[in-house]
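# Structure assessment
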Amino acid sequence: VRLVSLAGAAGGAIAPATLGAARRATLATRLAAQVRAVHVELGQAVQAGQLLVSLADADVRGGLAAAEAGLAAAATHEQRIQALLATRAATPSELEQAMAQRAQTEAIVAAARSNLAYSEIRAPFAGTVQARRVDPGDLVGPGQPMIELEGDGLELSASLSAAEARGLAVGATVRFVAPAGRGTARVTALTEGGDPVSHRRSLKARVVASEGELRSGAFARLELPGAGGGGTFVPRSALVERGDLTGVFVAAGGRAELRWLSLGEPAGDVVAVRAGLRPGDQVVDAPGALKD
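Note that this is a predicted model, so its numbers are computed, not measured.

## Focus on the pattern of salt bridges
Tallied over the entire structure, the rule returns 15 salt bridges. When the shortest N-O distance is used, the salt bridge between Arg133 and Glu148 registers 2.6 Å. Taken as a pair, Arg133 in the loop between strand S8 (127–132) and strand S9 (139–140) and Glu148 in strand S10 (residues 147–150) lie far apart in primary sequence, 15 residues in all. A relative accessible area of 49% places Arg133 in the partly exposed class. For Glu148, a relative accessible area of 12% translates into the label buried. We note a salt bridge from Glu257 to Arg259, for which the minimum N-O separation is 4.0 Å. Since its relative accessible area comes to 19%, Arg259 is described here as buried. One continuous salt-bridge network, built from bridges that share partners, spans Arg24, Arg133, Glu148 and Glu150.

This is the structure in structure tokens:
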């Protein structure tokens, strides 16, 4: 057998992360209406304010017209009461009632105009259409997703242990490697407490510089210098798999002891060990059919 002495990662730990859009929106409406037209296709780039989906709005426009007619009548009635009050042919209470009626109809008009705006779904920011879930003729209801939009910027999302998050703070810069490129990102969010189940902290980092072609949804590896010295790496050739469990044979007292591990992400020919080994342990490389 050949023994391998393990050492801590001098350059810091490596943590898995996912690339995603920094700005993402699922667009819906609060109306129950029929889709009249869809103006974009899947993967199309759009500008902020661009019309994406048009809904049938005949009933909404009818309600708006009725509300505006009511407002005109209420405003005319208020002016008439004001003229009568000047000649003492009306009372102040009648004027107050007319003013309240006019204000009420103004609110109805504002609500109708707001509903009309929901018949035209526009892009809240510049981006790319990632999903188109409706077609002309479909009947949609309030809150039903129609278009998914992603902005141009990218961010990294990761779950870190307490050791991996040590030394990191909002504003810190970290490096990352993805299958199609690499770059640097600035930490924009880091939860203070850990998840009650996993005891891990959530991190988000905005990509500020990159090389290669990065895509939303791609896997990435974060380089965390703050966790240097605390990470242990084991050669891939030393790993032993038994069903869903993975471990290594540790040489201790002249015996080969099978020890199960909690592994992190691979980095070249080695794999990060989250739990089960300590720097200085010796493991059996390429154990083959070795038994405990």
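Okay, back to it.
## Considering the sheet that holds S9
One open sheet accounts for four strands, arranged S7-S6-S4-S9; its pairing is antiparallel. The sheet is open, and its two edges are formed by strand S7 (120–122) and S9, each paired on a single side. Sheet topology note: the strand S4 (residues 33–38)/strand S6 (residues 51–55) ladder contains three bridges and is antiparallel. Each residue of the ladder has a partner; that of Val38, found in S6, is Val53.

## Let's talk about the sheet that holds strand S3 (residues 24–27)
Strands sit in the order S3-S10-S8-S5 across an open sheet of four strands; the sheet is antiparallel. Of all the strands in the sheet, the pair left with one neighbour each is S3 and strand S5 (45–46). Pairing between S5 and S8: two bridges, direction antiparallel. Along S8, the bridge assignment pairs Val46 with Gly127.

## Considering the confidence of the model for the protein
On average, residues of the protein score 85 in pLDDT, and 91% of them reach the 70 mark or higher. The spread of mean pLDDT over the elements of the protein runs between strand S1 (residues 2–5), the lowest at 64, and S10, the highest at 94.

## Side note on the nonpolar core
Of all hydrophobic cores here, the largest spans 22 residues; its most connected members are Leu19, Leu156, Leu160, Phe176, Leu203 and Leu222. Those elements that place two or more of their residues in this core are strand S2 (13–21), strand S11 (154–160), strand S12 (173–178), strand S13 (181–190), strand S14 (201–212) and strand S15 (219–224). Per element, the largest residue contribution to this core is four residues, and it comes from S11.

## Quick word on the side chain of Glu150
With respect to the secondary-structure elements, Glu150 resides in strand S10. Here Glu150 falls in the buried class, since its relative accessible area comes to 9%. Here the side chain of Glu150 touches Ser216 through a polar contact of 3.3 Å, side chain to side chain. Among all residues touching Glu150, those that are not within four sequence positions of it are Ala21, Arg23, Arg24, Phe125, Ala126, Gly127, Thr128, Gln130 and Ser216.

## Description of the packing of helix H1 (residues 58–86) against helix H2 (residues 92–117)
Remark: H1 packs on H2, axes separated minimally by 8 Å, with the N-to-C direction vectors making an angle of 160°. Between H1 and H2, the angle falls in the class roughly antiparallel. The way H1 lies across H2 gives a crossing that is left-handed. The class makeup of the residues in the contact of H1 with H2 is 16 nonpolar, six polar and seven charged.

Reading the values: the criteria
- Residues numbered from 1 in each chain as written.
- Predicted model: local features only at pLDDT ≥ 70, side-chain atom pairs only at ≥ 80, totals over all residues.
- Heavy atoms only, no water.
- Salt bridge = Lys/Arg side-chain N within 4 Å of Asp/Glu carboxyl O.
- Helix = DSSP H or I, 4+ residues; strand = E, 2+ residues; numbered from the N terminus.
- Buried < 20%, exposed > 50% of the residue type's maximum accessible area, 1.4 Å probe, protein only.
- Pairing = 2+ DSSP bridges.
- pLDDT = per-residue confidence, 0-100.
- Core = buried A, V, L, I, M, F, W, Y, C linked by side-chain atoms within 4.5 Å.
- Polar contact = N/O pair within 3.5 Å; in protein donor to acceptor, adjacent residues only side chain to side chain.
- Contact = heavy atoms within 4.5 Å.
- Axes fitted to C-alpha atoms, helices over the stretch in contact; angles between N-to-C directions.
- Parallel < 35°, antiparallel > 145°, perpendicular 65-115°, else oblique.
- Left-handed = near helix turned anticlockwise from the far one by under 90°.
- Nonpolar A, V, L, I, M, F, W, Y, C, P; charged D, E, K, R; others polar.

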